[in-house]
Amino acid sequence: MKTTSVLCAVALPLLLLLVGSEAQRVEVSEMDPDFYCAGRGRNELFRKELPEDISEEESRSSCAWYYRCVPGGGSRLLVSKSKCGFGMLFDVEQQTCQVRNKVNNCAMWEKAQKPKPKWPVPYDADNKCNGEIEIECGSGECLSKSLFCDGTEDCTDGSDENICSDPTTDPNAAETCNTKTCIWEEGCFCSTDGSRIPADLPVVETPQMITITFTGSVNEESFKVYQEIFGKGIKNKGTDCTPKATFFVSHVYTNYSAVQELHRLGHEIAVSSITNNPDGRYWSTLSAEEYEAEFDGGRLIAETFANISQGDIVGMRVPLGRVGGNSQFQMMTDWGFYYDSSLAAPRRPFPLWPYTLQHRMPHQCIGTDQNCPTRNFTVWEMVVNELDRRDDPLYSEALTGCHYIDQCANIASPKQFRAFLESNLQRHYATNRAPLGLHFTSSYFLTRKNFLREFTKWIADVASRGDYFFVNMIQAINWMAAPTKITAINNFEDWKIKCEPTGQPYCSLPNPCARKPPRPLASEGEMYLHTCMDCPQEYPWIYDPFGDRSGIFDL
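Here is a short report on the structure shown in this document. (Residues numbered from 1 in each chain as written. Predicted model: local features only at pLDDT ≥ 70, side-chain atom pairs only at ≥ 80, totals over all residues. Heavy atoms only, no water.)

## Observations regarding the side chain of arginine 317
Mapped onto the elements of the fold, arginine 317 is located in the loop between strand S11 (315-316) and helix H7 (325-334). Comment: no salt bridge for buried arginine 317; closest opposite-charge side chain is aspartate 340, at 7.0 Å. Here the side chain of arginine 317 touches threonine 213 through a polar contact of 3.0 Å, side chain to side chain. A polar contact is formed between the side chain of arginine 317 and the side chain of histidine 439, at a distance of 3.3 Å. (Helix = DSSP H or I, 4+ residues; strand = E, 2+ residues; numbered from the N terminus. Buried < 20%, exposed > 50% of the residue type's maximum accessible area, 1.4 Å probe, protein only. Lys, Arg positive; Asp, Glu negative; His and termini not counted. Salt bridge = Lys/Arg side-chain N within 4 Å of Asp/Glu carboxyl O. Polar contact = N/O pair within 3.5 Å; in protein donor to acceptor, adjacent residues only side chain to side chain.)

Below you can see the structure in the form of structure tokens.
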């Protein structure tokens, strides 16, 4: 059995490319865009074509470089190149930079291509199908447009289901935002560019919300970190309530008595799966039923062993920075999840406000080989805005941002960390006051004790200013549902729930339930599930969330 110091921290391979070099344009004479970009998706990465007989070992010398097609003015495309960070190589199948010893496809210059239908049809192209109601499959037959991206392969080559991960390519995607049909009273909120403040409040009357999230397992060591951050009697000046955070809990190694205590203190508990599977493709390809097993199953485990009331857990985040497309969001609609916080947005002159998915998301689908939702869903998206990690946003050289603070590899000192937090806060505050999301993995501060001290001091400073409020994600959504001016925020009832919890934990000596691990964790020898509730018969797992052998539990 590994000790409780082992954490299932959330890696984010789809965004690891951000820590490499800045992109450089490649001369047309060196790489012809007509060859490299023909029929290639806008987010697809590739290598420079290599001789067919080159060996894997020979190709590793250039394996850190990766390329993409970018707009070159007008309808032209150009090729740009970037390089992975030190000690990393580009994995063309995973579409990301990986540690050198995990990459074994350096001799492969492009990812295997799936067949695509002839869609969208260029305005000057011949079209043998009825363009109003039909689309030509990659295999040549004409099928009704309504059959495309419906979850069933209808084309002979299956191409009708290969354009369904991006709303710009799905022929039946949700409409872009229409404020005339998106009615707030009917639970819909959108804006064409994502910048709109709810109820169109003036910026100066809008409270600046800050949402701190932690993703991963909650164990004894990480719980001590959370006590250090939130247990110092700090209060938001405008409400006299203690700061609140959201914890996206993954099951393995989690201490549910600690989860129960976080919930008692007013923090929000959300779900980040049962298995925390390390394969990004797993999360991109799950069916709605499999998403239900991972996330509603994870919710049932938390409700049962952290004694959380049904209906209190309404949020989720997919591991590894992945998104599960329409299957994920259909599951959320069917099983009563209120919001997701998996979608990342690129940095713009202004940050994005959260939005509902009755209309198309107002930003690019970020992440190579990502599977974003394209249809209409009655679900909130607590979008992950890109953070600016430059030392001086005004004068520093151009540098790609980061979405999760663990990715901000250039932040090396507490002073630099505080400057990073403050500059991003002021960017939100000075533009449209969209909630500032500060997203960490559960292990981030375990190896950065000096950063932890700086973070707690920064929270105390910001909370004392009056216009800034540390709230959890459901509190942010509740404010958006009933926008309240700063001058009246002290009377906003939804922020007064568990305003300043007192009393003792539910139990001081939780049950250390030792159980045989499920098959994927067999190397552990023995797993411990700490809970104030009764011990389960088996270690809870996917398809057996109660640990009572009622489902398929030997997986």
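The rest of the description comes next.
## Brief notes about the pairing of strand S17 (residues 436-441)
Buried residues dominate S17, accounting for 6 of its 6 residues. What you see with S17 is no split at all: Leu436, Leu438 and Phe440 on one side and Gly437, His439 and Thr441 on the other are buried throughout. Both strand S8 (residues 208-216) and S17 contribute to a ladder of 6 bridges, which runs parallel. Within S17, the position partnered with threonine 215 by the bridge is threonine 441. (Pairing = 2+ DSSP bridges.)

## A closer look at helix H8 (residues 414-430)
Owing to its 3.6 residues per turn, the α-helix aligns residues three or four sequence positions apart on the same side. With 17 residues, H8 should cover 24 Å at 1.5 Å per step; its first-to-last C-alpha distance of 24 Å lies within 8% of that length. By the burial criterion, the buried members of H8 are Gln416, Phe417, Phe420, Leu421, Asn424, Leu425, Arg427, His428 and Tyr429. In this structure, the buried side of H8 is in contact with S8, strand S16 (384-385), S17, helix H9 (449-463) and strand S18 (468-470). (Expected span 1.5 Å × (residues − 1). Contact = heavy atoms within 4.5 Å.)

## A few points about the packing of aromatic side chains
Scanning the entire structure with this criterion turns up 35 aromatic pairs. Look at phenylalanine 214 and tyrosine 226: their rings are 4.7 Å apart centre to centre, the planes differ by 50 degrees, and that puts the pair in the tilted class. You can see phenylalanine 214 sitting in strand S8 and its partner tyrosine 226 sitting in helix H3 (residues 220-230), a full 12 residues away along the chain. Judged by centre distance (5.0 Å) and plane angle (85 degrees), the rings of tyrosine 444 and phenylalanine 445 are edge-to-face. Residue classification places tyrosine 444 among the buried residues on the basis of a relative accessible area of 3%. Among the aromatic residues, those joined into a ring-pair cluster are Phe214, Tyr226, Phe247, Phe417, Phe440, Tyr444, Phe445, Phe451, Phe455, Trp458 and Phe470. (Phe/Tyr/Trp six-rings, centres within 6.5 Å; stacked < 30°, edge-to-face > 60°.)

## Section: the state of the cysteines
Across all of its chains, the model carries 13 disulfides by this definition. A sulfur-sulfur separation of 2.0 Å characterises the disulfide bridge that pairs cysteine 129 with cysteine 142. Between cysteine 129 and cysteine 142 the disulfide shows an S-S torsion of about -85 degrees. By sign, it is left-handed. With a gap of 13 residues between them, cysteine 129 in the loop between strand S5 (96-99) and strand S6 (134-136) and cysteine 142 in strand S7 (residues 142-144) connect regions that are remote in the sequence. (Disulfide = S-S within 2.5 Å.)

## Considering the side chain of asparagine 162
The topology assignment puts asparagine 162 in the loop between S7 and S8. Of the polar contacts made by the side chain of asparagine 162, one reaches the backbone oxygen of proline 115; its length is 2.8 Å. Once you skip the residues sitting within four places of it in the chain, asparagine 162 turns out to touch Lys114, Pro115 and Lys116.

## Brief notes about the pattern of salt bridges
Inspection of every chain in the model, using the stated rule, returns 22 salt bridges. In this structure, the salt-bridge partner of lysine 48 is glutamate 30, at a minimum N-O distance of 3.3 Å. With lysine 48 in the loop between helix H1 (33-36) and helix H2 (56-59) and glutamate 30 in the loop between strand S1 (24-26) and H1, this pair connects stretches of sequence that are 18 residues apart. For lysine 48, a relative accessible area of 32% gives the class partly exposed. On the basis of relative accessible area, glutamate 30 is assigned to the partly exposed category, the value being 39%. The salt bridge partner of glutamate 56 is arginine 60, with a shortest N-O separation of 3.8 Å.

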